Amino acid sequence: MPYGAVTLTGGPFKEQYDRLHAQYLALSNDRLLKVYRQRAGMPSPGSDMGGWYDLDGFVPGHSLGQYISGLARIGAATGDAACHEKVRQLVSGFAATLGPNNQSILRPDTNLWTCYTLDKHFAGLIDAATLSGVGNARDWLNRVLSGAMPLLPAKGRDRIGKKDPPYDETFVMPENLFTAAQLTGNPAFTELAHRYLLDHELFDPLAAGDDPFPGQHAYSHAIALSSGAKAYLTLGDSKYKRAMENAFTLLTTTQQFASGGWGPNETFVTPRRGELYASLASTVDHFETPCGAYAATKLARYLLRFSGDSKYGDNLERVLYNTILAARTPDSDGDYPYYSTYSPSATKVYYQKKWPCCSGTLVQTVADYVLNIYFQAVDGIYVNLYTPSNVKWTQGGVPVTLTQETEFPASDRVVIRLTPASPVEFSMQLRVPAWAPQAAVSINGKAQPIAMKPGTIASLKRLWKSGDTVELTLQQAFRTEPIDELHPGTVALMRGPVEYVGLNTSGANADRLGGTRPRLSPDLKPIARQAFSSDGTTFIPLYSVQSETYDTYFEA
C-alpha cells in the first residue's frame, strides 16, 4: 500500500513512530549540512555533529540521504508539511554543495566509502522526488551519478567479513540504481546496477540452494538481498526470487536468534557448530539492530508481496517487535542504539560514537511501519499485522476504509470495522500466525466455520457493508525456543510474536560474559499487563525494557 493509505492510530509502534517523527524533524539543517559545506568551501554555520559524521569522522556526512529518505516517508504517511519542507531544504542545501564536478562530499580522500555514501544520496533523492515532490531531485540524481562515475570501481566487489577491506559496498547499490533508472530514464543507472549485482558470490549460489553466508559481513549481505528483489522485479529473472527464498530459509533456520536478529559481531555463523550459543559467552554485540532490522523487514516484505506466504509475515512480525521496537530511544545529540545484547545480564546501551550508520536506518525502518500492516490482494485486502490503524483504498470503484481496534499484543482480541462508501464484494485475507493454534474469527458476532490453520491465510469473501465488524481472537501462549540444535536446553521465552525477558535476574553488576544463565520455571503467573512472575523473577517484553538489566536466554 502507498505510504499515505495507512495511518497508525495507537499502540507501541505508533508511540515509537511519533517520538522519532518529532526527533528527526528537530535536527538542525545547518548541522546536517555543515560537513558538506566545509567540503565545498562554503560558509558552514552550526556546530559540528560529532562522531562518524564530521569532517574527520569515520564516514563524513554518510547518513544525510537516509535522514532525507526517512523524513520524506514520514511526511508522505502523515501528511506533515513540515517534513516535506525540511526535505526540500536539505536537498536544496545538498545540491548547492555539488560544485562544478558534481561530487559534493565524494572526494578522492573519502573514497574508502564512496559507494556506501552514494547509495544513501540516491535513496534520499529518490524519496524526495517521489514522496515529497521535490521536482529538481530527478535532475540532481543524474548530476550526482555523473560526478561519482570517476570515483566508482569498474567492477562490483564483495566485502569479506567485518574488518577486512575493501569496506565499500558496491553490491548494496543495485536496488536504488534500478529505481533511479526508472525515475530518470538514464540508462547509466541501469548499466551500473547490472555491473554491481553480486551474482557470482551471492545470488548464483543462493539460487542453486547453496549457503554462501558463513563468515560474511551480515548486514551488507542481507540488505543486498533487496537488490536481488529489485532485479527480479526489473529483469524478470526468477533466479533472484529463488535466491531470496533460499536466503530467507537460511537466515531464519540457521542464523537467527529468537528475537529475529542475526550476525553476532556483524558476522554470519557457520551452521550446526553451536556458534550462536557460543556467542552468548563471547560478545555483547549480537545484532546490528536498526540496520539489520531494515534488511530483514525489507526481505520479508518483498517475499510477502511475491508469494503471499504467511511465514514471511510471521517473521516480519517477530523482527519488528523484538528488534527495532526494542531498540533504545536515541537522544537528541547523536547517541544512538547499535547492537542488541542477548548474553546474560544485558543492558541497552548507545554506540560509542555519535551518529553511526544505525541512525540512518532507524528512521527509515520506523517510517516503513505503515508498509508492513496491509497489502493489496488480487481481489481485496491482506491484513498482515494486528495493530491499531486504518487503511483506505478503492475496491471496484468503491472507496473503502478498514479500521483495526486492538491492544494486541497485550490482548488477544482484534476488531476490524469496515466502512465502504457502498456495499462491495471483496476478499479480506487474514494472516493466521504459526504461533496461534486456537485462532477464531467471527463476522457481526457470528462465528465463521472457516479453517484457521496456524501458518496460513484465512480468506473472508463476501459483500461488505458499512458497519460490518470482524472479530479475530489470537490466543498467545508461552513457549520456548532453543538457541540452536546442539543446545536444546538453552532457550528463549516467547509469547505470541513477542520475546519475554527476565529482569535483574543476576544483578546489575554481574559479568555479562562470565555470568550463568538463570533457570526458567514453567510456572509463570500474571502480575500486571504484559508482566509475569516466576520464582521471584519478573518477565516483560524485550521491547518494554528501558534501563533494567535483563536476560534473554535461560536454562530449561
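Preceding this section is the structure that the text describes.
Criteria and thresholds
- Each chain has its residues counted from 1, running along the sequence as written.
- Only residues with pLDDT of at least 70 get local features here, since the model is predicted, and only at 80 or more are side-chain atom pairs given and counted; chain-wide, interface and lining totals rely on the full set of residues.
- Calculated side-chain values reflect all of the structure's heavy atoms, with hydrogen atoms and water omitted.
- Whenever Lys or Arg places a side-chain nitrogen within 4 Å of a carboxyl oxygen from Asp or Glu, that contact is recorded as a salt bridge.
- Put simply, DSSP H or I for four residues or longer makes a helix, DSSP E for two residues or longer makes a strand, and each gets a number counted from the N terminus.
- Partly exposed describes any residue whose relative accessible area lies between the buried limit of under 20% and the exposed limit of over 50%, with all areas from a 1.4 Å probe on protein chains only and scaled to the type maximum.
- Between the N-to-C directions of two axes lies an angle of 0 to 180 degrees, each axis being a line fitted to C-alpha atoms and, for a helix, fitted only over the stretch in contact.
- With respect to orientation, any angle under 35 degrees is reported as roughly parallel, any angle over 145 as roughly antiparallel, any angle of 65 to 115 as roughly perpendicular, and every other angle as oblique.
- The sense of a crossing depends on the near helix, which, turned anticlockwise from the far helix by less than a right angle, makes the crossing left-handed and, turned clockwise, makes it right-handed.
- Note on definitions: a residue-residue contact is assigned when non-hydrogen atoms from the two residues lie within 4.5 Å.
- Residue polarity is assigned by list, with Asp, Glu, Lys and Arg as charged and Ala, Val, Leu, Ile, Met, Phe, Trp, Tyr, Cys and Pro as nonpolar; anything else, Gly included, falls into the polar class.
- Buried and open spaces are told apart on a 1 Å grid over the protein atoms alone, a cavity being a set of points where a 1.4 Å probe fits but cannot get out and a pocket being an open set with protein on both sides within 12 Å along at least five of seven lines. Residues with an atom within 4 Å of a point are the lining residues.
- Grid points are joined across faces, edges and corners, and a volume is the space filled by probe spheres set on the points.
- Pairing between strands is defined by DSSP: at least two bridges between them are needed.
- Pairing of aromatic side chains here covers Phe, Tyr and the six-membered ring of Trp, requires ring centres within 6.5 Å, and sorts the geometry by plane angle: under 30 degrees stacked, over 60 edge-to-face, intermediate tilted.
- A ring is considered to have a charge above it if a Lys NZ or an Arg CZ atom is located within 6 Å of its centre and within 35 degrees of its normal.

Enquirer: An account of the pattern of salt bridges is requested, with residue identities and associated values reported.
Expert: Under the criterion given, the structure shown has 27 salt bridges. The closest approach of N and O atoms between Arg417 and Glu405, which form a salt bridge, is 3.0 Å. With Arg417 in strand 8 (residues 413–420) and Glu405 in strand 7 (residues 398–406), this pair connects stretches of sequence that are twelve residues apart. The closest approach of N and O atoms between Arg413 and Glu471, which form a salt bridge, is 2.9 Å. Taken together, the residues span a long stretch of sequence, with Arg413 in strand 8 and Glu471 in strand 13 (residues 469–473) at a distance of 58 residues. By relative accessible area, Arg413 is classed as partly exposed at 45%. The exposure class assigned to Glu471 is partly exposed, which follows from its relative accessible area of 27%.

Enquirer: Give me the lowdown on the packing of helix 4 (residues 81–95) against helix 5 (residues 114–131), citing residues and values where you can.
Expert: Between helix 4 and helix 5, the least distance of the axes is 11 Å, while the angle of their chain directions is 135°. In terms of axis orientation, helix 4 runs oblique to helix 5. In this structure, helix 4 meets helix 5 at a crossing whose hand is left-handed. Contacts between helix 4 and helix 5 involve His84, Val87, Val91 and Phe94 from the former and His121, Leu125, Ala128 and Leu131 from the latter. Taken together, the residues of the contact of helix 4 with helix 5 break down into six nonpolar, two polar and no charged.

Enquirer: So what's going on with empty space enclosed by the protein? Which residues, and what values?
Expert: In the structure shown here, the tally under the stated rule is six cavities of 30 Å³ or more. Roughly 140 Å³ of internal volume is contained in the largest cavity. Along its surface, the largest cavity is lined by 15 residues, and Ala326, Tyr339, Ser340, Lys348 and Tyr550 are the ones closest to its centre. Classifying every residue of the lining of the largest cavity by side-chain character gives eight nonpolar, five polar and two charged. Looking at the second largest cavity, its volume works out to about 70 Å³. If you trace the second largest cavity, you find it lined by Phe248, Leu251, Thr252, Gln256, Gly260, Trp262, Ala296, Leu299, Asn315 and Val319. If you list the elements that add at least two residues to the lining of the second largest cavity, you get helix 11 (238–255), helix 13 (289–307) and helix 14 (310–324). Looking at the lining of the second largest cavity, the element that brings in the most residues is helix 11, giving three residues. Residue composition of the lining of the second largest cavity, grouped by class: six nonpolar, four polar and no charged.

Enquirer: Explain the sheet that holds strand 11 (residues 446–447) to me, using residue names and the numbers behind them.
Expert: The seven strands are arranged 1-6-7-8-13-10-11 in an open sheet whose pairing can be described as antiparallel. Each having just a single partner strand, strand 1 (6–8) and strand 11 make up the two edges of the open sheet. Here strand 1 pairs with strand 6 (residues 389–395) via three bridges, running antiparallel. What sits directly across from Thr7, in strand 6, is Asn390.

Enquirer: I'd love a proper account of the packing of helix 9 (residues 199–207) against helix 10 (residues 218–235), names of residues and values included.
Expert: Packing of helix 9 against helix 10 brings their axes to within 11 Å, and their N-to-C directions diverge by 70°. Taken together, helix 9 and helix 10 sit at an angle that is classed as roughly perpendicular. Where helix 9 approaches helix 10, its residues Leu202, Phe203 and Leu206 are matched on the opposing element by His221, Ala224, Leu225, Ser227 and Gly228. Tallied by class, the residues present in the contact of helix 9 with helix 10 amount to five nonpolar, three polar and no charged.

Enquirer: Please give an account of the sheet that holds strand 12 (residues 456–464) that cites residues and values.
Expert: The strand order 4-5-9-12 describes an open sheet built from four strands, whose pairing is mixed. Of all the strands in the sheet, the pair left with one neighbour each is strand 4 (374–377) and strand 12. Ignoring strand direction, the axes of neighbouring strands in this sheet form an average angle of 25°. The sheet contacts of helix 14 involve strand 5 (380–383), strand 9 (424–432) and strand 12, and relative to strand 9 the element is tilted by about 60°.

Enquirer: Please provide a residue-by-residue account of the packing of aromatic side chains, values included.
Expert: The tally for this structure, following the rule as stated, stands at 36 aromatic pairs. For the pair Tyr67 and Trp355, a centre-to-centre distance of 6.3 Å together with 65° between the ring planes defines the contact as edge-to-face. Pair noted here: Tyr67 is in helix 3 (residues 64–78) and Trp355 is in the loop between strand 3 (339–340) and helix 15 (358–367), with a separation of 288 residues, a long-range link. In this structure Trp355 comes out as buried when scored by relative accessible area, which is 0%. Between Tyr321 and Tyr543 the ring centres are 5.9 Å apart and the planes differ by 35°, which places this aromatic pair in the tilted class. Residue Tyr321 is found in helix 14, and its partner Tyr543 is found in the loop between strand 19 (537–541) and strand 20 (550–551); the two are separated by 222 residues along the sequence. For the pair Tyr321 and Tyr543, a shared accessibility class is recorded, and that class is buried. Among the aromatic residues, those joined into a cluster by ring pairs are Phe13, Tyr321, Tyr369, Tyr386, Phe408, Trp435 and Tyr543. When the ring centre of Tyr350 is taken as reference, the NZ or CZ atom of Arg328 above it lies at 3.8 Å. The positively charged end of Arg495 is found above the aromatic ring belonging to Phe478, 6.0 Å away from the centroid.

Coordinates in, geometry out; function isn't part of it.
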